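For reference, the chains in residue letters:
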Amino acid sequence: MSSFLYSAVRTPFGRFNGSLSGVRPDDLAAGVITALLDRAPRLDPGAIGEVVWGNANGAGEENRNVGRMAALLAGLPTGVPGTTVNRLCGSSLDAAMIGSRTIETGDADVVVAGGVESMTRAPWVLPKPAKGFPPGDLAAVSTTLGWRLVNPRMPKEWTVSLGEANELLQERYGIGRERQDAFALRSHRLAAAAWDDGFYDDLVVPAGELKRDEGIRADSSLEKLSGLKPSFRPDGTITAGNASPLSDGASALLLGSAAAAERIGLDPIARIAGRGAFALDPQDFGYAPVEAANRALARAGTGWHEVGAVELNEAFAVQSLACVDAWGVDPEIVNTRGGAIAIGHPLGASGARVLGTLAKVLRERGERWGVAAICIGVGQGLAVVLENTSSENGEAGA
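Here the structure is a predicted model, which means the values were calculated and not measured.

Conventions we followed
Residues numbered from 1 in each chain as written. Predicted model: local features only at pLDDT ≥ 70, side-chain atom pairs only at ≥ 80, totals over all residues. Heavy atoms only, no water. pLDDT = per-residue confidence, 0-100. Contact = heavy atoms within 4.5 Å. 1 Å grid on protein atoms, 1.4 Å probe; cavity = no way out; pocket = protein on both sides within 12 Å on 5 of 7 lines; lining within 4 Å. Points joined across faces, edges and corners; volume = space filled by probe spheres on them. Helix = DSSP H or I, 4+ residues; strand = E, 2+ residues; numbered from the N terminus. Nonpolar A, V, L, I, M, F, W, Y, C, P; charged D, E, K, R; others polar. Pairing = 2+ DSSP bridges. Right-handed = clockwise from strand over helix to strand, strands pointing away. Patch = residues over 30% accessible without salt bridge, like charges linked within 9 Å, V, L, I, M, F, W, Y side chains within 5 Å. Areas by Shrake-Rupley, 256 points an atom, 1.4 Å probe, with all protein chains shown as cover. Salt bridge = Lys/Arg side-chain N within 4 Å of Asp/Glu carboxyl O. Phe/Tyr/Trp six-rings, centres within 6.5 Å; stacked < 30°, edge-to-face > 60°. Buried < 20%, exposed > 50% of the residue type's maximum accessible area, 1.4 Å probe, protein only.

Here we look at the confidence of the model for the chain
Across the chain, the average pLDDT comes to 96, with 98% of residues at or above 70. Below a pLDDT of 50 lies the segment residues 394-398, which in the model reaches ten contacts outside its immediate sequence neighbourhood of four places, other chains included.

A closer look at the layout of surface pockets
Considered as a void within the structure, the largest pocket measures approximately 690 Å³ in volume. Lining the largest pocket are 37 residues, and of these Ala-240, Ala-243, Ser-244, Pro-245 and Leu-246 sit closest to its centre. Contributions of two or more residues to the lining of the largest pocket are made by strand S2 (14-15), helix H4 (162-173), helix H6 (222-226) and helix H10 (340-343). Among the residues forming the lining of the largest pocket, the class breakdown is 20 nonpolar, 13 polar and four charged.

Thoughts on empty space enclosed by the protein
Taken as a whole, this structure holds one cavity of 30 Å³ or more when the rule is applied. One number sums up the size of the largest cavity: a volume of about 60 Å³. The wall of the largest cavity is formed by Ala-8, Val-9, Arg-10, Leu-203, Ser-251, Ala-252, Ala-352, Arg-353, Gly-356 and Thr-357. Those elements that provide at least two residues to the lining of the largest cavity are strand S1 (3-10), strand S8 (247-257) and helix H11 (350-365). Here the lining of the largest cavity gets four residues from one element, more than from any other, and that element is H11. Its residues assigned to classes, the lining of the largest cavity comprises five nonpolar, three polar and two charged.

Overview of the pairing of strand S4 (residues 82-85)
Note that strand S3 (residues 50-54) and S4 share four bridges and pair parallel. Opposite Gly-54, over in S4, you have Val-85 as the bridge partner. At this point the chain moves from S3, through helix H2 (residues 66-73), to the parallel S4, and the crossover so formed is right-handed.

Examining a nonpolar patch on the surface
Nonpolar side chains collect at one region of the surface, where Val-150, Met-154 and Trp-158 lie side by side and expose about 220 Å² of accessible area between them. You can see Met-154 is positioned in the loop between strand S7 (141-142) and H4.

Focus: the packing of aromatic side chains
In this structure the tally under the stated criterion is four aromatic pairs. Judged by centre distance (4.9 Å) and plane angle (15°), the rings of Tyr-173 and Tyr-287 are stacked. Of this pair, Tyr-173 sits in helix H4 while Tyr-287 sits in the loop between strand S9 (270-279) and helix H8 (289-300), and the two are 114 residues apart along the sequence. Note on Tyr-173: relative accessible area 35%, which makes it partly exposed. Arranged with centres 4.8 Å apart and planes meeting at 35°, the rings of Trp-304 and Trp-327 form a pair that is tilted. Placement of Trp-304 in the loop between H8 and strand S10 (307-312) and of Trp-327 in helix H9 (residues 317-327) is noted, with a sequence separation of 23 residues between them. Accessibility assignment for this pair places Trp-304 and Trp-327 in one class, buried. Three or more aromatic residues link up through ring pairs in this structure, and these residues are Trp-195, Phe-199 and Tyr-200.

A word on the pattern of salt bridges
Pairing of side chains with opposite charge becomes possible as their charged atoms draw close. The full count for this structure, using the stated rule, is 19 salt bridges. Two residues, Asp-213 and Arg-10, come together in a salt bridge whose shortest N-O distance is 2.8 Å. In this pair, Asp-213 sits in the loop between helix H5 (177-197) and H6 while Arg-10 sits in strand S1, placing the two residues 203 residues apart along the sequence. Side by side, Asp-213 and Arg-10 carry an identical accessibility label, which is buried. With its nearest N and O atoms 2.6 Å apart, the salt bridge here joins Arg-121 to Glu-61. Separated by 60 residues along the polypeptide, Arg-121 in the loop between strand S5 (110-118) and strand S6 (124-125) and Glu-61 in the loop between S3 and H2 bring together distant segments of the chain.

Set out below in structure tokens:
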């Protein structure tokens, strides 16, 4: 049995402390689930077999299984179960992978998958003391991004910052500042053009007053980017301009079997053709999508020579370029409608964003095969291969 993507929707992604800072993550999640089901009015919500939801933080307002909470807040029947997945930046792509497997095994006919993150509203946490009433001070730790409350048994090289890990990557592969800045500029320009062209009009639903991704800088230039100071090393190459920003947002996907088309009232737009996961040393996480995508393609029974579109979440320009170089694909088929450097990277929502975007790009370009991939902190990567099943692609099929 195969699994299919029927619909995809997301909120605009907001800047840290920006327009979505006043919205709880469980409300963001409920909003996109509601919007997703509004697009399939024939679907009885009670027929949803599972809600699988990604979230990387889990320490704040989303802490009580946000997948279940979002389903309830969206008005789904209480009999629809929900679970939350945490694979950091890959959480919602993992949710889609789990949902597709659930369908392929026959455990459900329809699954809602997706993810949410409010990096703005991520709380500070206090470590619990071993004994009550400690005499000294306790420092609050931010849960917005990266390592926190690190186990002292972890090797130091594993727990470097995400930025330092990518500085190590640029040293290894010789990807300099100029090339990173050019990649970042391309992301902003393509994302701005995509919005202007109407590409995102049916993929994005407003969240409050926010109707468009908040971090896109259409007026960016190489001169502006080159003038930014390095963020992690005094002589480093990574800046706030060539790395993805802290963001808030949510994304949702409607998955189902081939037989679910009548029940859903929509035609499938893509088949989940292959899945891949890969892990390596934690500090090398930015390179992990390379083998994850290779594995997904092998399982789909195809190869890079047949891939017509790639959506790679741009955590950092340097790791994106390292992956593209390793794959040997034409860079012009990668992130043709912008990437996370411009659009934003709300951790738990990004995987569903790249998958939904990929499905639309495949239809737009009339390509059969596409790859969605994402790097994940602590040394992991995920990838999904989609096969276009729209009528524009005569070769594709179920």
